[in-house]
Structures are given as structure tokens and as C-alpha cells.
There are 6 protein chains.
Amino acid sequence: MPIVHIHLKHGRNNEKKRMLVEKVTNAICESVDVTAEKVQIILHDVMPENYGKSGVLGFDVNEIEKKN
Amino acid sequence: MPIVHIHLKHGRNNEKKRMLVEKVTNAICESVDVTAEKVQIILHDVMPENYGKSGVLGFDVNEIEKKN
Amino acid sequence: MPIVHIHLKHGRNNEKKRMLVEKVTNAICESVDVTAEKVQIILHDVMPENYGKSGVLGFDVNEIEKKN
Amino acid sequence: MPIVHIHLKHGRNNEKKRMLVEKVTNAICESVDVTAEKVQIILHDVMPENYGKSGVLGFDVNEIEKKN
Amino acid sequence: MPIVHIHLKHGRNNEKKRMLVEKVTNAICESVDVTAEKVQIILHDVMPENYGKSGVLGFDVNEIEKKN
Amino acid sequence: MPIVHIHLKHGRNNEKKRMLVEKVTNAICESVDVTAEKVQIILHDVMPENYGKSGVLGFDVNEIEKKN
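These numbers come from a predicted model, not from an experiment.

Topic: the sheet that holds strand β3 (residues 51–53) of chain A
Reading across the sheet, the eight strands line up as β4(A)-β3(A)-β2(B)-β1(B)-β1(C)-β2(C)-β3(E)-β4(E) and stay open at both edges, with mixed pairing between neighbours. Each edge of the open sheet is held by one strand with a lone partner, namely β4 (56–57) of chain A together with β4 (56–57) of chain E. Across three bridges, the pairing between strand β2 (residues 40–46) of chain C and strand β3 (residues 51–53) of chain E is antiparallel. When the bridges of β3(E) are listed, Gln40(C) appears paired with Lys53(E). In this fold helix α1 (residues 14–32) of chain B packs onto β3 and β4 of chain A, β1 (3–9) and β2 (40–46) of chain B together with β1 (3–9) of chain C, with an angle of close to 135 degrees to the strand it touches most, β2(B). Running at roughly 135 degrees to β2(C), helix α1 (residues 14–32) of chain C makes contact with β1 of chain B, β1 and β2 of chain C together with β3 and β4 of chain E of the sheet.

Here is the structure:
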């Protein structure tokens, strides 16, 4: 430990994921006194049809935004 | 919060997922006094080869059911 | 399955949790054609010092609200 | 319950997953006195670009290993 | 990885947890060709009021069983 | 989203958790172009008897370290 799960909207490329893993690892090391090799991070890409907020499917929010 | 993770067998279409997100959000709002925009739901589609019950892989259960 | 994890702010009593489990189970059964005994729900009570939004600890938000 | 989530590097075939589900279920039954049908296991296949350790993306570790 | 989360009913003592960690680690190593130090396991003790099955709170199931 | 779960060894005080939430939120915002209020973080404090690595319970590792 620390073991981290980050759920984020599908679509980030490897460059963004590389930066995310590096920066979050540093942030954790600076805050709770652990060394980097202790930190493991798992990213969960979430498709819009698998995400809901305010009772509405992310897929549907995207569809509305496309029409506007 | 509330933050909800629902793991369910792969294969539900968007219509079912739409209803799931809407109905679960309402159920939560009615039970623990939060407003809908506070509720976030993440659906995890689980493939049959990634699910086990009673020590048996879901994939194998499906294969047996196909033969019967 | 379905297997559900609901993370919610610490402090709901058993009556609210009873209603939450019942209503969420019904919502799931109505949406994705499963019977109630297939649905398992785990509630995760989250203390304010273990929750952060907008970079701020829930504990600190509560403290500010107490003073206002 | 018990409900188990196992996150592992993407790429194991069904034969390995079959053995994993069987052996982990037995291990749990032998340790905490439950019967097999109570045990549910969800496997999460993690792609190398969705995994980080020591601040480095698994994808990049693989690339370096390919060159060596 | 592998990273394992095991949710189980509250109440197991350290001896059972010790056996659980040891046996599950061995089961994983035997199945997916990893060495033991790669395997991390987190146990989540679930109180009966935080668990629901078939729409009923575990706490209430226990109460009924006590009366019988 | 992003929704983050951080599992860490029990024992960090609020000051460390405050810094952790702030720094991890900033790290995420800088990496995947989201604004801070979109980021929710849940910290899971893990007791040594609920953590295993290399098949050994964290509790037992602590006991050995105390004797040395």
C-alpha cells in the first residue's frame, strides 16, 4: 500500500495516463511519507454508457451535447 | 457522495442501463435524503470468464447451459 | 451478481439502511431482470476525514459549516 | 459474501482463470468456514496502460523490457 | 498486482485472517504464475447493518435467527 | 468523475489526509484536464490485521518489527 483506484471517463491517451500516474504517485509520497515503489495505481476507464449522474446516463448527456 | 459501483453480467443494452441508473438514483434519494445530482453510479460490465461462483467460472456455466 | 457497493457519508441509522437496501434491490430487479436473492449490496460508511471533494477534506467542510 | 475482487494483469486465458477461481474459492472455504456457493469472485483484467507502480506506467515498463 | 479485495462478514479473528491471507496468496501463485511478494490482499470487514441480500439487511436476518 | 479510492495503512492524522486530498486533486487536475470540484476522493484506512502481502498478515509483520 497505498493502493489507488482511479475511475475516469474513457478516452485519455497514454501520455495523459503517464502524467496522471507520475503526478498522483508524487502527491501521495509527499503527503503520507511512503516511497514511490510502494504506490500502485489502477486506472478504470469508464464508458459513457456505464456512468450515471443525477439519474441520467453519461451516454445520453453526450448525445444532448452533440445536438447543441 | 453517494458513490455507487454496480457489477453486473455483461450484455445489458443502453435502455436497461438508462432505467437502472434512473431507478437506483431515485431509490437512494428516497432512502437517505440526498438530491439526485449528488449520486454518481459506475456500472462494471463483467464478462462470464471474469466471474466465478461456487468455484466455477461463469463461462463454463454458460457452456453447460448451452448444451442442455 | 449484481454486486453493489454504495459509499455514503457516515451516520445513517439502520432504518435508513434498511430502506436503502430494499429500494435499491427493487430498482435493480425492475431494471435488469434479476430476482432479489441474486442482488448483494455492501454499504461503505465514509467518515468526513476520509472523504475529499474539490481538494478539501469533508471534515474541514463540516467545521466551516458549524461556525456559520 | 465473501465477495472477492481480484485485479490482475490482462492476458490470462480461461484455463488459468478457471484454476484461479477454483483454488481461491477453496482457500477461502478452508480459512473462514463458508461453503463454496457463498463465494463470488470478480476478476478485473488490467491493461498495461491502466496500471502504474513507482510512478511509471506498466505500458512503459513493457516497452523498456521489449528493447532489452 | 495481483491486488485482491475480500469483503467478508465482520467477526473473523486474526488466526482466521492469517490463514485466509496465506491460503489465498498460495492459490493465486499456483494459478497465474506470480511470486508471493507480488500479491497484496485487503480484507474488508462488513458489519451486518452494512450488508444486504434479497433486499433484506443482514442485521435483520441475524435478529430473526436469534429469535428462532 | 474522476472518482478515486485510496487504500492506505491506518494511522494517518487529519493533517496528512488534508494534504493528501489537496495534492492528489491537484495532480489529477493537472494531468487529465478536469476542474477540482469534479474530483471525489475516498480514503480507506486499512488496519494491519486486514492487510496481507507475500502471504503474511500486516499485523504479524508489525509484531516481528516490534521485537527487533
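From this point, the narrative continues.
Some details on the pairing of strand β1 (residues 3–9) of chain D
Burial within β1(D) is extensive, with six of its seven residues counted as buried. In the sheet, β1(D) pairs with strand β2 (residues 40–46) of chain D via seven bridges, with the strands oriented parallel. Counted as the bridge partner of Ile3(D) is Gln40(D) from β2(D). Where β1(D) meets strand β1 (residues 3–9) of chain E, five bridges bridge the pair, whose relative direction is antiparallel. In the sheet register, His5(D) faces β1(E), and the bridge partner there is His5(E).

A closer look at empty space enclosed by the protein
Applying the stated criterion across every chain yields a total of one cavity of 30 Å³ or more. In this model, the largest cavity occupies a volume close to 260 Å³. Around the largest cavity sit 18 residues that line it, and His5(A), His5(B), His5(C), His5(E) and His5(F) are the ones nearest its centre. Looking at the lining of the largest cavity, the elements with two or more residues in it are β1 (3–9) of chain A, β1 of chain B, β1 of chain C, β1 of chain D, β1 of chain E together with β1 (3–9) of chain F.

Side note on the sheet that holds strand β3 (residues 51–53) of chain C
Remark on secondary structure: sheet strands pair via backbone hydrogen bonds, oriented parallel or antiparallel. In space, the eight strands of this open sheet follow the order β4(C)-β3(C)-β2(F)-β1(F)-β1(A)-β2(A)-β3(D)-β4(D), with mixed pairing throughout. Lying at the two open borders of the sheet, with one neighbouring strand each, are β4 (56–57) of chain C together with β4 (56–57) of chain D.

Some remarks on the interface of chain A and chain F
At the interface, 24 residues of chain A touch 24 residues of chain F. A buried area of about 2300 Å², summed over both sides, lies between chain A and chain F, and 65% of it is on carbon and sulfur atoms. When the buried area of chain A at its contact with chain F is split by residue, Met1(A), Ser31(A) and Val32(A) rank highest and sum to 27% of it. For the pair chain A and chain F, the number of links is four salt bridges.

Observations regarding helix α1 (residues 14–32) of chain A
Look at α1(A): 27 Å from first C-alpha to last across 19 residues, which is about the 27 Å you get at 1.5 Å a residue. Contacts from the buried residues of α1(A) go to β1 and β2 (40–46) of chain A, β3 (51–53) and β4 of chain D together with β1 and α1 (14–32) of chain F. A distance of 3.1 Å separates the backbone nitrogen of Glu15(A) from a side-chain oxygen at the start of α1(A), and that oxygen is part of Asn13(A). Among the residues trailing α1(A), Asp33(A) stands out with phi positive, at a value near 50 degrees.

Calculation criteria
Residue numbers restart at each chain and count upward from 1, following the sequence in its written direction. Each chain gets a letter, beginning with A, and each ligand a number, beginning with 1, in the order they are written. Where totals are concerned, whole chains, interfaces and linings use all residues; where local detail is concerned, this predicted model gives features only for residues with pLDDT of at least 70, and gives and counts side-chain atom pairs only at 80 or more. Side-chain figures throughout are based on the complete set of non-hydrogen atoms in the structure, without hydrogens or water. Only strands joined by at least two bridges in the DSSP assignment are considered to pair. A run of DSSP states H or I qualifies as a helix once it reaches four residues; a run of E qualifies as a strand once it reaches two. Both are numbered from the N-terminal end. Contact between two residues is taken to exist if any of their heavy atoms lie within 4.5 Å; hydrogens are not considered. Lines fitted to the C-alpha atoms define the axes, with helices restricted to the stretch that makes contact. Angles between their N-to-C directions range from 0 to 180 degrees. Here's how the labels work: a residue is buried when its accessible area is under 20% of the maximum for its type, exposed when over 50%, partly exposed in between, all with a 1.4 Å probe on protein chains only. Method remark: on a 1 Å grid restricted to protein atoms, a set of points is classed as a cavity if a 1.4 Å probe fits but cannot get out and as a pocket if it is open with protein on both sides within 12 Å along at least five of seven lines; lining residues have an atom within 4 Å of a point. Grid points are joined across faces, edges and corners, and a volume is the space filled by probe spheres set on the points. Here the quantity called buried area is the accessible surface, traced with a 1.4 Å probe, that two parts lose on coming together, added over both. In the sections that follow, a salt bridge refers to a side-chain nitrogen of Lys or Arg positioned within 4 Å of a carboxyl oxygen of Asp or Glu. The span expected for a helix works out to 1.5 Å for each residue beyond the first. Definition of a polar contact: a pair of N or O atoms within 3.5 Å, with one able to donate and the other able to accept a hydrogen when the atoms are protein atoms, and with sequence-neighbouring residues admitted only if both atoms are side-chain atoms.

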